[in-house]
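Each chain is listed here by its residues.
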Amino acid sequence: MPPPSLPFASSAAGQGEGPKSQSFGGIEGTEMTQLTITNIKRPGSDQPESITVEHGVIKGWNLPHEGEVIDGQGGTLAPALTELHAHLREPGQTEKEDLASGLAAAAAGGYGTVVSMPNTSPVVDDPAIVRALIEKAEGLGFARLKPAAALTKGQKGEQLAELAFLKDAGAAMFTDDGRTNENARVLRLGLEYAHSLGMVISVHAEDATLRADGVINEGPVSEALGLPGNPAAAEAARVARDIEIVAQTGARLHVQHLSTARALDLVREAKKRGLPVTCEVCPHHLTLTDEALRSFDAIYKVAPPLRTQADAQHLLAGLLDGTVDCLATDHAPHTRAEKERDLLDAPFGIAYIELAFPLMWTRFGEQLGLEKLLDLMTQAPARVMGWPEPTLEAGTPADLVVLDLQTQRTVNPAEFKSKARFSPWAGEMLRGWPTLTVVNGRVAYRRE
Ligand code: DOR
Ligand code: ZN
């Protein structure tokens with residue numbers, strides 16, 4: 001099928017501000033230029049060093065400086081972060097976000113690679129849309145885009161999408177995220193099909209009939225506020241069902257945004273059984289609880305919902321003991337007007353790809369340690385996907401981030417590159433901000 005007039009935003013979308021390195025005469029392939037970042041430290045080292053990148057790959061350490069030179073100002077250099085779960089809203093919902101704003105936000109958050117979710121309008125269930133997304137993102141020069149495609153046509157959960165063609169077009173994974181997979185047989189067939197293609201299926205694991213019209217976690221807070229609750233059992237029941245399908249088929253399954261202690265225990269048991277199940281946890285489920293909903297502010301409305309402190313602590317323990325495979329943000333931008341509606345009517349989602357690392361480093365840096373945190377946000381997501389693990393070695397892709405681990409800065413949503421310029425963490429002091437992100441050897445973000 002030809003890529004017809006897809007409903008994409010023009011590339012002038014976002015704030016129209018391309019990264020600085022794009023101004024090299026606007027030539028495609030500016031990764032041919034050489035770039036040296038001086039005065040940086042490797043994680044765990046105090047030794048200032050320099051790294052040189054050329055032709056989009058790391059050339060080496062402490063070489064004579066040629067080409068563009070950027071002072072890393074004593075920051076810590078790491079491979080750029082990997083995001084497995086972001087809603088970038090193209091095509092069709094560009095009032096919320098678009099590729100330019102979302103991928104610029106990702107680069108500002110230190111991410112080099114982003115997997116976008118397919119619950120757009122239309123749904124990403126057509127190879128032509130996958131190709132168009134990849135092509136458009138390449139021209140932007142921010143984070144790399146690896147679009148996820150829908151598992152089922154229209155994400156309706158009835159008929160499998162053309163998975164082989166979607167894979168050939170460049171789809172990174174299959175998921176009906178945003179919706180749940182109610183038909184177990186369809187999921188089973190999808191898992192078997194995807195497995196034969198060597199592809200991962202990710203699931204938004206909630207039993208929709210049990211969740212019903214719940215808008216926040218079911219418990220004392222939902223009872224006190226008189227709001228319909230979404231019980232922990234909705235997630236646990238669905239994770240239990242899906243694990244049995246994995247046991248039956250032997251196919252790979254990734255559970256998205258796990259939010260409850262019970263569901264985490266089910267994943268832990270499944271791993272003990274040797275089943276090929278992985279899971280991600282989101283920083284918002286680690287740092288916020290349903291107590292925040294007492295404000296009646298829909299900024300905290302998200303699916304699955306914010307749970308209890310006990311759940312959050314259990315998830316953190318899961319990060320520490322390795323049950324949780326990786327972190328992902330579920331960056332889910334909506335317009336301010338949508339999120340200003342009341343709790344019953346506002347859409348689900350929190351958008352914070354720009355501050356995920358600072359949030360995690362500030363809150364959990366001591367418990368997790370830098371090495372573990374970076375692994376959870378960079379190499380671990382790559383392992384989940386079966387991609388090569390990002391490294392700082394010569395000859396590997398020049399996708400890099402410089403992190404200022406010390407300086408505290410206030411979260412100011414007005415400065416966000418995302419279109420969702422409001423945040424549950426507005427006004428908080430965080431440290432660990434990215435100062436420079438390089439993708440494919442080019443500057444994708446540099447702090448002013
Ligand atoms: O909070 C959420 N927002 N959860 C989802 O599953 C979908 C997402 C969205 O698309 O806004
Ligand atoms: Zn989801």
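Just above sits the structure.
Residues numbered from 1 in each chain as written. Chains lettered and ligands numbered in written order. Predicted model: local features only at pLDDT ≥ 70, side-chain atom pairs only at ≥ 80, totals over all residues. Heavy atoms only, no water.

Participant: Which residues make up the coordination of the zinc ion (ligand 2), and what values go with them?
Facilitator: Those protein atoms acting as donors to the zinc ion (ligand 2) are Asp-177 (OD), His-204 (ND1) and His-257 (NE2), and they sit at 1.8 to 2.4 Å. Coordination at the zinc ion (ligand 2) is irregular, judged from the four donor atoms that bind it and the angles of 72 to 129 degrees they form at the metal. In primary-sequence terms, the residues that donate to the zinc ion (ligand 2) follow D-x26-H-x52-H. Here Asp-177 is found in the loop between strand E9 (174-175) and helix H4 (184-196), whereas its partner His-257 is found in the loop between strand E13 (253-255) and helix H8 (261-272), with 80 residues between them in sequence. Looking at Asp-177, the relative accessible area reads 2%, which means it is buried. (Donors = N, O, S within 2.8 Å, 3.2 Å for Na, K, Ca; no water. Tetrahedral: all angles 85-135°; square planar, octahedral: opposite > 155°, others 65-115°. Helix = DSSP H or I, 4+ residues; strand = E, 2+ residues; numbered from the N terminus. Buried < 20%, exposed > 50% of the residue type's maximum accessible area, 1.4 Å probe, protein only.)

Participant: Lay out the sheet that holds strand E7 (residues 111-116) in plain terms, naming residues and giving numbers.
Facilitator: Two pairing modes exist for strands in a sheet, parallel and antiparallel, and in both the strands are linked by backbone hydrogen bonds. Spatial ordering of the open sheet is given by E6-E7-E8, a layout of three strands whose pairing is parallel. At either margin of the open sheet sits one strand with a lone partner, and together these are strand E6 (81-86) and strand E8 (144-147). Strand-to-strand twist of the sheet, defined as the mean angle between neighbouring strand axes without regard to direction, takes the value 20 degrees. Examined bridge by bridge, E6 and E7 share four bridges and lie parallel to one another. Residue Ala-86 lies in a different strand from E7, and its bridge partner there is Ser-116. Together, E7 and E8 form the strand contacts of helix H1 (residues 99-108), whose direction differs from that of E7 by roughly 135 degrees. (Pairing = 2+ DSSP bridges. Axes fitted to C-alpha atoms, helices over the stretch in contact; angles between N-to-C directions. Contact = heavy atoms within 4.5 Å.)

Participant: Provide a residue-level description of unusual backbone geometry, including the pertinent values.
Facilitator: With an omega dihedral of 0 degrees, the bond running from Glu-90 to Pro-91 counts as a cis peptide bond. As for its position among the elements, Pro-91 is in the loop between E6 and H1. Omega for the bond connecting Ala-303 with Pro-304 falls within 30 degrees of zero, at -10 degrees, which places this linkage in the cis form. Mapped onto the elements of the fold, Pro-304 is located in the loop between helix H9 (283-287) and helix H10 (309-321). Positive phi is not limited to glycine here, since Arg-89 has a value of about 70 degrees.

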